[in-house]
Amino acid sequence: MEGKKVKATSVTVIQQMTQQDANLAGNVHGGVILKLIDNTAGIVGIRHTGGNVVTASIDRVDFHSPVYVGNILRVSASINYVGSSSMEIGVRVEAEDLITGEVRHTGSAYLTFVALDEHYKAKKIDQIIIETDDEKRRNFEAQERKRMRLESAKKRK
Ligand SMILES: CC(C)(COP(=O)(O)OP(=O)(O)OC[C@H]1O[C@@H](n2cnc3c(N)ncnc32)[C@H](O)[C@@H]1OP(=O)(O)O)[C@@H](O)C(=O)NCCC(=O)NCCS
């Protein structure tokens, strides 16, 4: 069968948040989390395409609740949808309190990456092989987001 399984390229990056990651309020800076989201999604994109990818857009980022210094951040990413050269990658962020063991879902994001060839032009990529009901639902929702993004881009012209 052509394509790659979603779970073959999915990844979870784990990092402890330190004082260096804090904002003026003493919690973890949103920009630090955003960079981790972008990096983690990028790993999935490179795994899927086996080559260079760039972030084309970030459709949506939600920070549901604060992340605290000392928390372990778990950033999980997987491919939701593949177009011709672009792919939507969904990211879920969880924060674990090491002392109490409590795990909170603190954020989520949807990013579109585009695969580039050696001349930095968009190149065709493999499809994904969808296996589970969750993957099917995410694929459907991603196609809907792409349709809305293209519609709003058309309106802006
Ligand atoms: C992303 C980029 C390669 C697209 O180039 P392009 O010439 O517009 O490419 P195309 O028109 O051929 O589109 C290629 C694919 O990208 C998608 N795409 C283009 N712009 C997009 C955007 N803003 N958001 C989401 N997808 C986008 C298209 O829908 C198309 O998808 P498909 O092939 O799956 O149908 C180009 O805009 C770029 O290099 N941007 C800078 C990326 C970067 O530097 N990111 C780092 C963060 S600053």
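Whatever comes next refers back to the structure up there.
Quick caveat, the model's predicted, so the values are computed rather than measured.

Draft legend 1. Quick peek at the site of the ligand. What surrounds the ligand is a group of 14 residues, the closest being Thr55, Ser57, Ser84, Ser85 and Ser86. Ser86 places a side-chain nitrogen or oxygen 2.7 Å from an oxygen atom of the ligand. Take Arg149: an N or O atom from its side chain is 3.3 Å from a nitrogen atom of the ligand. When the free accessible area of the ligand is taken as 930 Å², the share hidden by the protein chains comes to 46%. Among the elements of the structure, β3 (53-63), β6 (103-115) and α3 (133-156) are those that each provide at least two residues to the shell around the ligand. If you tally residues by element for the shell around the ligand, the top one is β3, at four residues. A per-class count over the shell around the ligand returns five nonpolar, seven polar and two charged.

Draft legend 2. Examining the pairing of β6 more closely. Counting buried residues in β6 gives 10 out of 13 residues, a clear majority hidden from the surface. Two strands pair when backbone bridges link them, and β3 and β6 are joined in this way by nine bridges, in the antiparallel orientation. Across the sheet, the residue bridging to Ile58 is Leu111, located in β6. The pairing of strand β5 (residues 86-96) with β6 spans 11 bridges and is antiparallel. Along β6, the bridge assignment pairs Glu88 with Thr112. Linking β5 to β6, which pair antiparallel, is a turn of six residues; within it Gly101 sits at a positive phi near 85 degrees.

Draft legend 3. Layout of a nonpolar patch on the surface. Together, Leu34, Ile58 and Phe63 give the surface a local cluster of nonpolar side chains, amounting to about 250 Å² of exposed area. With respect to the secondary-structure elements, Phe63 resides in strand β3. Classification of Phe63 by relative accessible area gives partly exposed; the value is 45%.

About the cut-offs
- Residues numbered from 1 in each chain as written.
- Predicted model: local features only at pLDDT ≥ 70, side-chain atom pairs only at ≥ 80, totals over all residues.
- Heavy atoms only, no water.
- Near = heavy atom within 4 Å.
- Polar contact = N/O pair within 3.5 Å; in protein donor to acceptor, adjacent residues only side chain to side chain.
- Areas by Shrake-Rupley, 256 points an atom, 1.4 Å probe, with all protein chains shown as cover.
- Helix = DSSP H or I, 4+ residues; strand = E, 2+ residues; numbered from the N terminus.
- Nonpolar A, V, L, I, M, F, W, Y, C, P; charged D, E, K, R; others polar.
- Buried < 20%, exposed > 50% of the residue type's maximum accessible area, 1.4 Å probe, protein only.
- Pairing = 2+ DSSP bridges.
- Patch = residues over 30% accessible without salt bridge, like charges linked within 9 Å, V, L, I, M, F, W, Y side chains within 5 Å.
- Salt bridge = Lys/Arg side-chain N within 4 Å of Asp/Glu carboxyl O.

These figures come from the coordinates and say nothing about function on their own.
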